[in-house]
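# Summary of the model geometry
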Amino acid sequence: FYRRGISPGTSCPRRVDSRTIYVGHRSSSTNEAFIPPKFCDNRIVSSKYTVWNFLPKNLFEQFRRIANFYFLIIFLVQVIVDTPTSPVTSGLPLFFVITVTAIKQGYEDWLRHKADNEVNKYPVTVLEQGRRIRKESEKIKVGDVVEVEEDVTFPCDLILLQSSRDDDTCFVTTASLDGESNHKTHYTVPDTEKDLETLNATIECEQPQPDLYKFVGRMHIYKNDQEPAVRSLGPENLLLKGATLKNTQRICGVAIYTGMETKMALNYQGKSQKRSAVEKSINAFLLVYLCILVSKALVCTTLKYVWQGKPGQDEPWYNEKTQREKDTNLYLKMFTDFLSFMVLFNFIIPVSMYVTVEMQKFLGSFFITWDKDFFDPEIKEGALVNTSDLNEELGQVEYVFTDKTGTLTQNNMEFIECCIDGFQYKYRDASSDLDGFCVTDGPLNKVQEKEKEELFLRALCLCHTVQVKESSEQGQGQRDQVDGFGLDGEVLPPLREQRGFIASSPDEVALVKGAMRFGFTFLGLESKNMKILTRNNDIEMYELLHVLNFDPVRRRMSVIVRSKSGDTLLFCKGADSSIFPRSHVKTDDYLLVVTLGAMCFAVQEEDYAQADAGLMEARLALQDREQKLMAVYNQVETGMSLIGATAVEDRLQEEAAETMEALQGAGIKVWVLTGDKMETAKSTCYACRLFQRNTELLELTVRTLEDGGRRREERLHELLLEYHKKAVQDAPSCYHTLTWSSANQDYGFIIDGATLSMVLNSSSESNSSRYKNLFLQICQNCTSVLCCRMAPLQKAQIVKMVKNSKGSPITLSIGDGANDVSMILEAHVGIGIKGKEGRQAVRNSDYAIPKLKHLKKLLLAHGHLYYVRIAHLVQYFFYKNLCFILPQFLYQFFCGYSQQPLYDAAYLTMYNICFTSMPILAYSLLEQHICIEVLLDNAALYRDIAKNGMLRWRPFLYWTLLGVFHGLLFFFGVRFLFSNPALQDNGQVFGNWSYGTIVFTVLVFTVTLKLALDTRHWTWINHFVIWGSLLFYVFFSFFWGGIIWPFLKQQRLYFVFANMLSSVSAWLVIILLILLSLLPEILLVVFHKPRGPRQVELRHIHTFPLYFTHSFSPRFIYLFHFLTVLPLFSLWFWSSLMEPIFNIFIRGI
């Protein structure tokens, strides 16, 4: 059994394989003292923190991040070692980051506490000693008998003991668990007492495990010193916490799992964390900048001691060393100086970038939720974001793996035709001798054929798990209404055609409705008796003996029923691949494309007794129940006769073809992974335009392996080599160099599950590896790939194989059913469709959308924009911090490597927190470098950002060189100004703090205006944060330097900013440096024109930023190089010639 630990804080005994529960806390033996076993209470605890552990636990979690821990070390070094900057410069930004994150996590946890209290304090009714007692939900204990009324949620996991319905069933909805809104039927335990006060029983069941659809147990019922009656318990008897009672006045059940042991609580455990490619790029860039930081510190430390090694430099007459300094160990002093330089330059590592990235991802995810185009009026729901950490990954998808049924198609099944005894039938409205059947190649003996028809239609009416919904209409008299038909056979108004049946799968309802068209109507299940209405308006009763449930492995289900005449019959239906091997008929005799086959055989009494005993024994087993049931099922479902087949139509999803065409135009390869048969799946691929008329299909299935007359493995090897030569070796060279699909590729690949098992699990390990490589290379050079007859595990294996292939392509899986969960969890990005097969896929996905058509906008628009925004954010953060620290590094060459800071401590602290943080955050949320309509109309634009194109080393090098260029320009430009430091009218000279303030002013304005130049989509928010940040900087500088602050030992900037702005030369240099810094990029962006086919595409698109263009003509590269030298030349010209003339002019005035 699946074992799972309990969350901390819950006291539970040591686990064994099973647990024993006493119903109503009554002992089964009156002779022994009853000691009730201890289980977890019914409190739900989804919160992470308490009042007492919040601070230490949250701090521990935050400092596990490398960046936070690094800045903590820097802060401690500043506190312990005599460093040139105050500990506040590192401590305050770190405190800001930690505080913001702690407040966000604390608020989220407070909401969890609030939700927990609502659940734990909810009043419930418990039956104790014949009395109905109201309690809080958290006080329920395992073994309590709980009463639940209609439309009330179950407070814990219950075994159904009693129902107000006559047939001892109840209906529930599990929308809060798996999203399925349809009603599910659950059954009471047979032979339980009507008066629960007298019920003496124990339940033996498995320990808690998270699977919502599995439960194994048995109930011992004790009566008057008789041998205890044993009844099996399964999922049909289990009512889950979180499910809601429907169409039933009240039920009573015994609590078996409570609190954190309920299946709902166990399913709250988070999925494995997925990391985006952007995070990996950030870590790589951080390592580069960490190396730059260490290199700067080493260079300055080395040059300091080289310079001090010269005579008179180590101890000048005006700065003699103290005795303590003379006694300090040289190596210790060198290490201390190295740490001091590390502290001085540590701002090159952008700690605030992590907070900004988290806020961008969290806030950016709301744009998907708010998108009105994702709202589906049919289900009245929009898109859902379960994981905001992968927003940018939506813009990097290279492979899409999609399910067929419910994803490419609507999963809205409609009965089209059937085949009975080899003859094909279609439905027609006009009455005929065959009661609605239209025989296309029909039989000659109508009497004999009519018997076979009726047997087939009875099979459709009996072999299912469909329930009939009770009519809520009043005043209908004696007339029951069941999906549009009255009991007298009269056709009811078509308004009721869509009502009446409850089923877990749409195809079951389609088959029952198909039988109803032809005169056989299923009336429902009453006390284990199935009622059907025949063509002759006769009601037939069949006792339901056993249901052999459907599962994805068997791909079939069966029922064993007994007619009034005493005949025992087994009806079986399932996929053709599952039905044909178990029937007497040869498959070659049936040319009809079937979606489901039906079989039947009469069961002899001795065979039934043996099967009944085997089924009862398997269902009572606590160990390996599923395997034992499977063995009995396989033993029973043999030697059957094929009585017919059905064809059920499923229509394509809205705009499915257009969506697939757009994805292929974006360079994304689409693979269809389905459990359906090849013919149906191939037709769907053609309808979706994944396969075109000129597409040559390379088929690798069991049929093609058997064509050659040789062993399958030999034939497999031969076909793989043949297809590899055709699709890879003989393909144009562009197929080898590009991993993106193009319109010229005209190969499609088809493989089935059995052949895939041979490819992945060959008898020889060397062959298996070789087959995988050949298979992958063939698939990568095909337009689309179709994998049919796939088991859920095989879907995940396919995704994993592609994900781990060369280049580690980004994969996306999309599906709507429980069989798609494995591939959704395996892919980099998992998307669930809110379809008709439940919400298991939605619950386990990263994103959920109502329809397949929404995938186009999610990837081509949202994904594209998210990636561009966050890529620009990351590059911009590194760029602006390099511009910030490089002048500080250069300043050490002019101050004797004395670790003198260039900027004031307030500027060091506020630069990343206040002055430059809000503009880039607004940009990363609102920027649209290309409008959404153009992105949707030109799918090829998705290729421009492929393969993490904006976070590769080439763009990173560009941003780094741009930061170096601007840093050099800021520092040496101001130094040229200070060649004559008497910059005021009264002859007063500017000092080092004025020097640093001018550099910082140019820096703040340049990096902010650089972002303004890159902005293509302006909103009032962009204007507010960009110009507001610049105004705030000016206001803060006046405010900070205009007041004498009593808590400061040194007032370094007192009136420095005001005096600086009183100098005309300072004004001109600031303006000139800002213009010269931005001029090269302005010219390059303005004059650059895209060449080639993309020129037509980009006519209606905004101008691209510099980092976004990849191909430049040589004349523009020469122009760029020239303009990088122009600012330095201009400054020299200004300082050498124009400034003296300007000063003489000013003095003359």
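Just so you know, the residues in each chain are numbered from 1, in the order the chain's sequence is written. Given that this is a predicted model, residues contribute local features only at a pLDDT of at least 70 and side-chain atom pairs are listed and counted only at 80 or more, while totals for whole chains, interfaces and linings are drawn from all residues. The basis for every side-chain value is the complete set of heavy atoms in the structure, and neither hydrogens nor water enter the calculation.

As annotated in an unreviewed UniProt entry, the chain carries the name Phospholipid-transporting ATPase and comes from Cyclopterus lumpus. Per UniProt, the chain carries the Sequence similarities (unreviewed entry) text "Belongs to the cation transport ATPase (P-type) (TC 3.A.3) family. Type IV subfamily." UniProt positions are given in the numbering used here, feature names are shortened, and annotations may be inferred rather than shown by experiment. UniProt annotates the chain under Cofactor (unreviewed entry) with the comment "Mg(2+)".

## Side note on helix H20 (residues 753–760)
One full turn of an α-helix is made of 3.6 residues, so residues set three or four places apart face in the same direction. Along H20, the residues classified as buried are Gly 753, Thr 755, Leu 756, Val 759 and Leu 760. Take H20 and look down its axis: the buried residues cluster within an arc of 155 degrees, on one side only. Burial here depends on accessible area, computed with a 1.4 Å probe over protein chains only, as a share of the maximum for the residue type. Under 20% is buried, over 50% is exposed, and the range in between is partly exposed. Counting from the N terminus, the helices are DSSP H or I runs at least four residues long and the strands are E runs at least two residues long. Arc definition: it is the arc formed by the directions from the helix axis to the C-beta atoms.

## Some remarks on the UniProt feature "transmembrane region" (unreviewed entry) in the chain
Under the feature "transmembrane region" (unreviewed entry), the UniProt entry names residues 63–81, 284–307, 338–357, 956–978, 993–1012, 1024–1045 and 1116–1134. Regarding residues 63–81, the helix share stands at 79% and the strand share at 0%, and the terminal C-alpha atoms are separated by 22 Å. With 70% helix and 0% strand, residues 338–357 has end C-alpha atoms that lie 31 Å from one another.

## Considering helix H2 (residues 66–80)
Taking 1.5 Å of rise per residue, 15 residues should cover 21 Å, and H2 covers 21 Å from first to last C-alpha, within 8% of that figure. When we look at burial in H2, the residues that qualify are Ala 67, Asn 68, Tyr 70, Phe 71, Ile 74, Val 77 and Gln 78. Expected helix span is given by 1.5 Å per residue-to-residue step, counting one fewer step than there are residues.

## Side note on the packing of aromatic side chains
Stacked, tilted and edge-to-face are the three classes applied to pairs of Phe, Tyr and Trp rings, where Trp contributes its six-membered ring and a pair requires centres within 6.5 Å; stacked means planes under 30 degrees apart, edge-to-face means over 60, and tilted covers the rest. Summed over all chains, the structure comprises 53 aromatic pairs. Geometrically, the ring pair formed by Tyr 723 and Phe 749 is edge-to-face, given 6.2 Å between the ring centres and 85 degrees between the ring planes. Highlighted residues: Tyr 723 in helix H18 (residues 712–729) and Phe 749 in strand E32 (residues 747–752), separated in sequence by 26 residues.

## What to know about the packing of helix H9 (residues 352–370) against helix H27 (residues 917–926)
For any two helices packed against each other, the geometry comes down to the angle between their axes and how far apart the axes lie. Where helices are involved, their axes are fitted lines through C-alpha atoms of the stretch in contact, as for all axes, and angles between N-to-C directions lie from 0 to 180°. Remark: H9 packs on H27, axes separated minimally by 9 Å, with the N-to-C direction vectors making an angle of 35 degrees. Considering the relative orientation of H9 and H27, their crossing is right-handed. In this structure, H9 uses Thr 356, Met 359, Gln 360, Leu 363, Gly 364 and Phe 367 to contact H27, whose residues at the interface are Leu 921, Ser 924, Leu 925 and Leu 926. Residues were grouped as follows: Ala, Val, Leu, Ile, Met, Phe, Trp, Tyr, Cys and Pro as nonpolar; Asp, Glu, Lys and Arg as charged; and all remaining residues, including Gly, as polar. Split by residue class, the contact of H9 with H27 holds six nonpolar, four polar and no charged. Two helices crossing with the near one rotated counterclockwise from the far one by less than a right angle form a left-handed crossing, whereas a clockwise rotation gives a right-handed crossing. Whether two residues touch is decided by their heavy atoms; if any such pair falls within 4.5 Å, the residues are in contact.

## Some points on the environment of Cys 252
Mapped onto the elements, Cys 252 comes out in strand E13 (residues 250–257). Linking Cys 252 and Leu 196, residues 56 residues apart in sequence, is a C-alpha distance of 8.7 Å. In this view, Cys 252 contacts Leu 127, Val 145, Val 146, Glu 147, Ile 159, Leu 160, Leu 161, Gln 162 and Leu 196; residues no more than four positions away in its chain are not counted.

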